[in-house]
Amino acid sequence: MNTHAPIGFIGLGLMGQAMATQLINAGYPLCIHSRTKDKAKALIALGASYANSPLQLASLVKDSIIIICVTDSIALEDVVKGEKGLLHHIAPNCLIIDMGTSCYELTLNLAQQTHEKQAHYIDAPVSGGQIGAQQGTLSIMAGGSSNQLQRAKPLFDVIGQKTTHVGAEGSGQLAKSANQMIVGATLNIVAEALFLAQKNGADPAKVVQALTGGFADSKILQVHGKRMVEQNYTPGARATTQLKDLQQAQDLATLNKLTLPLNQASLSQWQGMVDAGLGHLDQAGILAWVERNN
């Protein structure tokens, strides 16, 4: 007999679908919701129940845990405090966990409003892409109280291979902004470096091989460099998502009156790629944008 309390899960995109599947396979009963109900079919077939709105989901899972993994901050705000949002029916002691990449200021606001309902909030964005979600090997960056993090740990251990408690609420999102700034800029330079080498006669696959193990090595080079060589741009994470994350980082810098010229340059490249109609491609598709510009 399944003794796990029911877990709520909202958001069934590339990441959410894989993360929810991991939890079901680990024996957790899920109550799920998605703006696009068709995305829930595979999980319902695995035994998940379906709620027609976040509000209904909150009433069904009661004081358990609700994980949210939605596209952006606008969607997150709607799920939590919209017309049919969680906060309209959330039970005291329920724990909301945002595992998307969300605006820092919004995170603080939602955490405060959740506390006012005698419930709890953790921001726990992830890194590792769709592959990491499918394999349960994500890196999780968590902001919130130690007690609530301990409560979430069994779920995090299913979804990821490493969880770091960064600090108070919002700290997870700050760490994720740093992650996305580094990822965005690194993807840019890997694409330009391989393009330059190829245009001068070098085999880009051999270049990636030569750099692996040296100071220029990284997961970006290994995973996305391989995709660039193969021109495999089927999205594990879309360029539009990378752009959104860099914009959030830049907005936070502007709010703090900080100048971050490299992030601004990287942001401009991703904006150009999306404006050129390539936003549906995987992040490795930044190479297609470099090629189009030359």
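Residues numbered from 1 in each chain as written. Predicted model: local features only at pLDDT ≥ 70, side-chain atom pairs only at ≥ 80, totals over all residues. Heavy atoms only, no water.

A.B. asks: So what exactly am I meant to see when it comes to the packing of helix 9 (residues 204–211) against helix 10 (residues 219–230) here?
C.D. replies: Their axes nearest at 9 Å, the elements helix 9 and helix 10 cross at an angle of 170 degrees. Between helix 9 and helix 10, the angle is such that the two are roughly antiparallel. Counted together, Pro204, Ala205, Val208 and Leu211 of helix 9 and Leu221, Gly225 and Val229 of helix 10 form the full contact between these two elements. Taken together, the residues that form the contact of helix 9 with helix 10 break down as 6 nonpolar, 1 polar and no charged. (Axes fitted to C-alpha atoms, helices over the stretch in contact; angles between N-to-C directions. Helix = DSSP H or I, 4+ residues; strand = E, 2+ residues; numbered from the N terminus. Parallel < 35°, antiparallel > 145°, perpendicular 65-115°, else oblique. Contact = heavy atoms within 4.5 Å. Nonpolar A, V, L, I, M, F, W, Y, C, P; charged D, E, K, R; others polar.)

A.B. asks: When you look at the environment of Thr107 in this model, what are you seeing that I'm missing?
C.D. replies: Tracing the chain through its elements places Thr107 in helix 5 (residues 104–116). Residue classification places Thr107 among the buried residues on the basis of a relative accessible area of 0%. For the pair Thr107 and Val190, spaced 83 residues apart in the sequence, the C-alpha separation amounts to 32 Å. Each residue touching Thr107, except ones within four places of it in the same chain, is listed here: Ser102, Tyr121, Asp123, Gly170 and Gln173. (Buried < 20%, exposed > 50% of the residue type's maximum accessible area, 1.4 Å probe, protein only.)

A.B. asks: Would you mind going over the pairing of strand 1 (residues 7–10) with me for this structure?
C.D. replies: Two faces belong to every sheet, and in a regular strand the side chains alternate between them. Of the two faces of strand 1, the one lined by Ile7 and Phe9 and the one lined by Gly8 and Ile10 are each fully buried. Pairing geometry for strand 1 and strand 2 (residues 30–33), over 4 bridges, is parallel. Among the inter-strand pairings, Phe9 is bridged to a residue of strand 2, identified as Ile32. Handedness of the strand 1-helix 1 (residues 14–25)-strand 2 crossover: right-handed. Relative to strand 4 (residues 65–68), strand 1 runs parallel, the two being bridged by 4 bridges. Across the sheet, the residue bridging to Ile7 is Ile65, located in strand 4. (Pairing = 2+ DSSP bridges. Right-handed = clockwise from strand over helix to strand, strands pointing away.)

A.B. asks: Would you mind showing me how to read the environment of Gln247 here?
C.D. replies: Within the fold, Gln247 resides in helix 11 (residues 239–255). Exposure remark for Gln247: the relative accessible area of 30% places this residue in the partly exposed category.

A.B. asks: I would appreciate a short explanation of unusual backbone geometry in the present structure.
C.D. replies: Generally, phi is negative for residues other than glycine and the peptide bonds are trans, each holding for most cases. One non-glycine residue, Asn93, adopts positive backbone phi at about 80 degrees. By the element assignment, Asn93 lies in the loop between helix 4 (73–81) and strand 5 (95–98). At Lys257, a residue that is not glycine, the phi angle is positive and equals roughly 55 degrees. Tracing the chain through its elements places Lys257 in the loop between helix 11 and helix 12 (261–278).

A.B. asks: Whenever I open this one, the nonpolar core confuses me. Can you help?
C.D. replies: Considering soluble globular proteins, one finds that nonpolar side chains tend to be buried as a cluster. Judged by nonpolar contacts, the single largest core of 35 residues is most densely connected at Phe9, Leu30, Ile97 and Met99. Mapped by element, the contributors of at least two residues to this core are strand 1, helix 1, strand 2, strand 4, strand 5, strand 8 (138–143) and helix 7 (146–159). Setting aside residues up to four positions removed in sequence, Leu30 forms contacts with Ile7, Phe9, Ala20, Leu23, Ile24, Ala48 and Ser49. Membership of the second largest hydrophobic core comes to 27 residues, among which are Leu187, Val207, Leu246 and Trp289. (Core = buried A, V, L, I, M, F, W, Y, C linked by side-chain atoms within 4.5 Å.)

A.B. asks: Would you take a moment to explain the state of the cysteines for this structure?
C.D. replies: Linking two cysteines covalently via their sulfur atoms produces the bond known as a disulfide. Here the structure, examined in full by the defined rule, presents 0 disulfides. Of the cysteine sulfurs around Cys31, a residue in no disulfide, the closest is that of Cys94, at 11 Å. For Cys69, which is in no disulfide, the shortest distance to another cysteine sulfur is to Cys31 and amounts to 17 Å. Classification of Cys69 as buried rests on a relative accessible area of 10%. (Disulfide = S-S within 2.5 Å.)

A.B. asks: For this particular structure, what's the right way to read the pairing of strand 5?
C.D. replies: The alternating pattern of strand 5 places Leu95 and Ile97 on one face and Ile96 and Asp98 on the opposite face, and all of these are buried. Inspection of the sheet shows strand 4 paired to strand 5 by 4 bridges, in the parallel sense. Pairing of Ile66 across the sheet is with Ile96, part of strand 5. Following the backbone out of strand 4, through helix 4 and into the adjacent parallel strand 5, one traces a crossover that is right-handed.

A.B. asks: Even after reading the chapter, I still don't get the side chain of Asp123, so can you show me in this structure?
C.D. replies: With respect to the helices and strands, the residue Asp123 is situated in strand 6 (residues 120–123). Only 2.9 Å separates the side chain of Asp123 from the backbone nitrogen of Gly172, close enough to count as a polar contact. Residues contacting Asp123, with those up to four places away along its chain left out, are Asp98, Thr107, Met141, Ala142, Gly143, Ala168, Glu169, Gly170, Ser171, Gly172 and Gln173. (Polar contact = N/O pair within 3.5 Å; in protein donor to acceptor, adjacent residues only side chain to side chain.)

A.B. asks: Whenever I open this one, the pattern of salt bridges confuses me. Can you help?
C.D. replies: Enumeration according to the criterion identifies 6 salt bridges in this entry. The salt bridge partner of Asp282 is Arg227, with a shortest N-O separation of 2.9 Å. Here the residue Asp282 occupies a position in the loop between helix 12 and helix 13 (286–292), and Arg227 occupies one in helix 10, the gap between them amounting to 55 residues. Each member of the pair, Asp282 together with Arg227, is buried. Taking the shortest distance from any N to any O, the salt bridge between Lys244 and Asp245 comes out at 2.8 Å. For the pair shown, Lys244 and Asp245 are each scored as buried. (Salt bridge = Lys/Arg side-chain N within 4 Å of Asp/Glu carboxyl O.)

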